[in-house]
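Residue strings, one per chain:
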Amino acid sequence: MEAIVLAAGYSSRANAFKMTLPLGQMSVLEQTISKFEGLCSRVIVVAGFKPELIKEEIAKICYKNAFSFQIKFVYNEDFNQGMFTSIQRGCNEVNAPTFFITPGDCPLVKIETIQLIANHKGNVVIPSFNYKGGHPIKLSSEVKQKILETNPESNLRMVLNGYEKEYINVDDPGVLMDVDTLEDFQKAKDYYYKA
């Protein structure tokens, strides 16, 4: 199994480069990546805006941790055309029959949640908290093919609408928490230190 971590956005709403913001002993990106330990053979990080900062961050992460998976840095030169191009760029690299996709700014998901999703069968598996779908989602190679064949101006929702979705209710508010703004980051920190 592999994972695609999307880290190509502008962080425009956060007024800071959110992937490198500190959360506990790790950065936001490192927290997100670390959750795939023991489940994935590779984590593909798709960068776009300020790729050199993501590259540096990955180097730091690799230096600090002896993860069981390999981290692959991928640059999406079309990142300004929207997130779907980054998803396609990541899918291009996936070799495994199933894979996760998550935004790099979803650092608070529990490892147990990801394990649950990993063990669940289906083309599209989505964790949900209070009946709201969150991240990471798990997709099959059939869905990957469809993503790659779809017009880059489309979006993931359009592709997934063609498939039956398996929702798994989890007791994990982290599946809905992303760090889009500094206010979100403050909430994430509060949640992290309480957890």
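Residues numbered from 1 in each chain as written. Predicted model: local features only at pLDDT ≥ 70, side-chain atom pairs only at ≥ 80, totals over all residues. Heavy atoms only, no water.

**Q** What should I look at first to understand the nonpolar core in this one?
**A** For soluble globular proteins, the rule of thumb is that nonpolar side chains tend to be buried together. Counting 28 residues, the largest nonpolar core has Ile-33, Phe-36, Val-45 and Ile-54 as the members making the most contacts within it. Looking at this core, the elements that each hand over two or more residues are β1 (2-7), α1 (28-34), β4 (42-47), α2 (51-64), α4 (111-118) and β7 (124-129). Sequence-distant contacts of Ile-54, that is, excluding residues within four places in its chain, are made with Ala-7, Phe-17, Met-19, Leu-29, Val-45, Ala-47 and Phe-73. Ranked by size, the runner-up nonpolar core spans 21 residues in total, among them Leu-6, Ile-44, Ile-126 and Leu-156. (Core = buried A, V, L, I, M, F, W, Y, C linked by side-chain atoms within 4.5 Å. Buried < 20%, exposed > 50% of the residue type's maximum accessible area, 1.4 Å probe, protein only. Helix = DSSP H or I, 4+ residues; strand = E, 2+ residues; numbered from the N terminus. Contact = heavy atoms within 4.5 Å.)

**Q** I tried to follow the packing of aromatic side chains on my own but got confused; where do I start?
**A** Each aromatic ring pair is characterised by the separation of its centres together with the angle its planes make. For the coordinates displayed, the defined rule picks out 3 aromatic pairs. Measuring from ring centre to ring centre gives 5.3 Å for Phe-36 and Phe-100, while their planes differ by 45°; the resulting arrangement is tilted. With Phe-36 in the loop between α1 and β4 and Phe-100 in strand β6 (residues 98-103), this pair connects stretches of sequence that are 64 residues apart. Pair check on accessibility: Phe-36 and Phe-100 agree, each one buried. (Phe/Tyr/Trp six-rings, centres within 6.5 Å; stacked < 30°, edge-to-face > 60°.)

**Q** Just to check I follow, could you spell out the side chain of Glu-2 for this structure?
**A** By the secondary structure assignment, Glu-2 is in strand β1. Side-chain polar atoms of Glu-2 contact the backbone nitrogen of Asn-95, separated by 2.7 Å. Ignoring any residue separated from it by four or fewer positions in sequence, one finds Glu-2 in contact with Cys-40, Ser-41, Arg-42, Ile-44, Glu-93, Val-94, Asn-95, Ala-96, Thr-98, Phe-99 and Phe-100. (Polar contact = N/O pair within 3.5 Å; in protein donor to acceptor, adjacent residues only side chain to side chain.)

**Q** How should the pairing of strand β5 (residues 70-75) be read in this particular structure?
**A** Where a strand is regular, its side chains alternate between the two sheet faces. Of the strand pairs in this sheet, β4 and β5 are connected by 6 bridges, and their pairing is parallel. Bridged to Val-43 within β5 is Ile-71. (Pairing = 2+ DSSP bridges.)

**Q** Would you explain the pattern of salt bridges in this entry?
**A** Working definition: two side chains of opposite charge can pair if their charged atoms are close together. Considering all chains together, one arrives at 7 salt bridges under this definition. The closest approach of N and O atoms between Lys-72 and Glu-93, which form a salt bridge, is 3.9 Å. Separated by 21 residues along the polypeptide, Lys-72 in strand β5 and Glu-93 in the loop between α3 (83-91) and β6 bring together distant segments of the chain. Look at Lys-72 and you get partly exposed, because its relative accessible area is 28%. Note that Glu-93 is salt-bridged to Arg-89, the shortest N-O span being 3.1 Å. For Arg-89, a relative accessible area of 24% gives the class partly exposed. Salt bridges sharing common partners tie together Lys-18, Asp-105 and Asp-180. (Salt bridge = Lys/Arg side-chain N within 4 Å of Asp/Glu carboxyl O.)

**Q** What's the story with the packing of α3 against helix α5 (residues 141-149) in this structure? I'm lost.
**A** How two helices sit against one another is set out by the angle between their axes and by the gap between those axes. Contact geometry for α3 and α5: axes closest at 9 Å, N-to-C directions at 125°. One way to sum up the angle between α3 and α5 is to call them oblique. Seen from above, α3 lies across α5 with left-handed handedness. Residues Phe-84, Ile-87, Gln-88 and Cys-91 of α3 lie in contact with α5, whose contacting residues are Lys-144, Ile-147 and Leu-148. Here the residues of the contact of α3 with α5 are counted per class, giving 5 nonpolar, 1 polar and 1 charged. (Axes fitted to C-alpha atoms, helices over the stretch in contact; angles between N-to-C directions. Parallel < 35°, antiparallel > 145°, perpendicular 65-115°, else oblique. Left-handed = near helix turned anticlockwise from the far one by under 90°. Nonpolar A, V, L, I, M, F, W, Y, C, P; charged D, E, K, R; others polar.)

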